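# Descriptive analysis of the structure
What follows is the residue order along each chain.
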Amino acid sequence: MTHDHPAAPDRGLSRPFGRLLTAMVTPFTADGSLHLDGAVQLATYLVDAQGNDALVINGTTGESPTTTDAEKETLIRAVVEAVGDRAQVVAGVGTNDTRHTIELAAAAEKAGAHGLLVVTPYYSKPPQQGLVRHFTAVADGTGLPIMVYDIPHRAGVAIETETLVRLAAHERIVAVKDAKGDLTATSWVTSRTDLAFYSGEDSLTLPTLAVGGVGLVGTSTHFTGVLAKQMIEAYDAGDTGAALTLHRRLLPLLTGIFRSPGTILVKAGLNVLGLPAGPVRPPLVDATDDELALLRADCAAAGLDLPE
């Protein structure tokens, strides 16, 4: 006997950027220059075919360390014009320089972005008070809602629970992209604040939902968007069995996309599918034939076709 679960679309939680976001790669032409028409085509595909509620543009998956400020602004304007009427455009503006981050935030707001993704200042390893000052200064300097990006294995420093609780008091700091991989810490923050937690680790989306998360900012979602969104919606509707089945189905690709830096394999896969991606910029290098073969195997294991 089966029971239909009543729709519970929000679980009483705020979703300022919807359920599903993809950190979009930045398409380049063969000579490595910005492929603006390709970015428009890819953004349209991610929203209309893969079901994204929002896109992160100029994140590190979008190779933001190697794109110029002018390229970033041009990219935001083009994507907002293409999909901004039906999806939010969240601009990655984080650097390890507070002044530069504030400048990028202002430029993104002027270009039409709907929100900002601000990563922990990397390499410098500022103390927690420095993180509070950094994120607060950015939030004070913009009118846009902010998603803080907590990724200690890349940044070199974690945003501690008490720091996130302090930041949550700011009206424009509304969400966290959580790539800390510490579900206990996540649980404490979701129990003490109204911050919307989005999993920043594709494979931890379902566990993050279980401790109060609201969605995913994904990389593998260039390919799995429809199914990843179905997983989130199934969990929200109370059908945890269906959510777990989808999690297990997608697991080979949720993890496999990071065998190399995610940008490399996403671009390789998109190129195979005939979607605009192009090469990566140095110091990244394009996928090898062996890496592409493994990606095909991961896709096949997840029930998705990546043609030869």
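Position numbers for residues start from 1 in each chain and track the written sequence from start to end. Predicted model: local features are reported for residues with pLDDT of at least 70 only, side-chain atom pairs are reported and counted for 80 or more only, and whole-chain, interface and lining totals are derived from all residues. Heavy atoms from the whole structure form the basis of all side-chain values; hydrogens and water molecules are not counted.

### What about the UniProt feature "binding site: pyruvate" (unreviewed entry) in the chain?
Within the UniProt annotation, "binding site: pyruvate" (unreviewed entry) is assigned to Thr61 and Val217. Sequence-wise these annotated residues cover 157 residues; spatially they are packed, their C-alpha atoms never more than 11.0 Å apart. Taking the annotated residues in turn, Thr61 and Val217 line the largest pocket. Note on contacts: a residue pair is in contact if any heavy atoms of the two residues lie within 4.5 Å. Not counting residues up to four positions away in its chain, the partners in contact with threonine 61 are Ala23, Met24, Val25, Thr219 and Thr263. We count a stretch as a helix when DSSP gives it H or I for four or more residues in a row; a strand needs E for two or more, and each element gets its number in order from the N terminus. Among the secondary structure elements, valine 217 is positioned in strand β8 (residues 215-218). For every residue, the accessible area (1.4 Å probe, protein chains only) is compared with the maximum for its type, and the residue is labelled buried under 20%, exposed over 50%, or partly exposed between those bounds. The class for valine 217 is buried, based on a relative accessible area of 1%. UniProt positions are given in the numbering used here, feature names are shortened, and annotations may be inferred rather than shown by experiment. Definitions used for this entry: grid spacing 1 Å over protein atoms alone; cavity, a set of points where a 1.4 Å probe fits but cannot get out; pocket, an open set with protein on both sides within 12 Å along at least 5 of 7 lines; lining residue, one with an atom within 4 Å of a point.

### Quick word on the side chain of threonine 224
By the element assignment, threonine 224 lies in helix α9 (residues 221-236). Excluding residues within four positions of it along the chain, threonine 224 makes contact with Gln50, Leu250, Leu253 and Leu304.

### Comments concerning the layout of surface pockets
Grid points are joined across faces, edges and corners, and a volume is the space filled by probe spheres set on the points. In this structure, the largest pocket spans a volume of roughly 860 Å³. Lining the largest pocket we find 40 residues, and of these Gly59, Thr60, Thr61, Pro65 and Arg154 sit closest to its centre. Think of it as three bins: nonpolar holds Ala, Val, Leu, Ile, Met, Phe, Trp, Tyr, Cys and Pro, charged holds Asp, Glu, Lys and Arg, and polar takes everything else, Gly as well. Tallied by class, the residues present in the lining of the largest pocket amount to 15 nonpolar, 17 polar and 8 charged.

### As for the pairing of β8
Going residue by residue along β8, you find Gly215 and Val217 tucked away on one face and Leu216 and Gly218 tucked away on the opposite face as well. Two strands pair if DSSP finds at least two bridges between them. Pairing between strand β1 (residues 20-23) and β8: 3 bridges, direction parallel. Across the sheet, leucine 20 pairs through a bridge with leucine 216, a residue of β8. Pairing of strand β7 (residues 196-199) with β8, which is carried by 2 bridges, proceeds in the parallel orientation. Bridging across to β8, tyrosine 198 finds its partner in glycine 215.

### Observations regarding the confidence of the model for the chain
A score between 0 and 100, pLDDT records how confident the predictor is in each residue. On average, residues of the chain score 96 in pLDDT, and 97% of them are at 70 or above. Counting interchain partners and residues more than four positions distant, the pLDDT-below-50 stretch residues 1-8 has 6 contacts.

### Some details on the packing of aromatic side chains
Ring geometry is summarised as follows: Phe, Tyr and Trp rings, the Trp one being its six-membered ring, pair when their centres sit within 6.5 Å, and such pairs are stacked at plane angles under 30 degrees, edge-to-face over 60 and tilted between the two. The final tally for this structure, using the stated rule, is 1 aromatic pair. When the ring of phenylalanine 17 is compared with that of tyrosine 198, the centres are 6.4 Å apart and the planes differ by 55 degrees; the resulting orientation is tilted. Of the two residues, phenylalanine 17 is situated in the segment before β1 and tyrosine 198 in strand β7; the sequence distance between them amounts to 181 residues. Positioned above the aromatic ring of phenylalanine 28, the side-chain terminus of arginine 281 is 4.1 Å from the ring centre. For a lysine, the NZ atom is tested; for an arginine, the CZ atom; a charge sits over a ring if that atom is within 6 Å of the ring centre and within 35 degrees of the ring normal.

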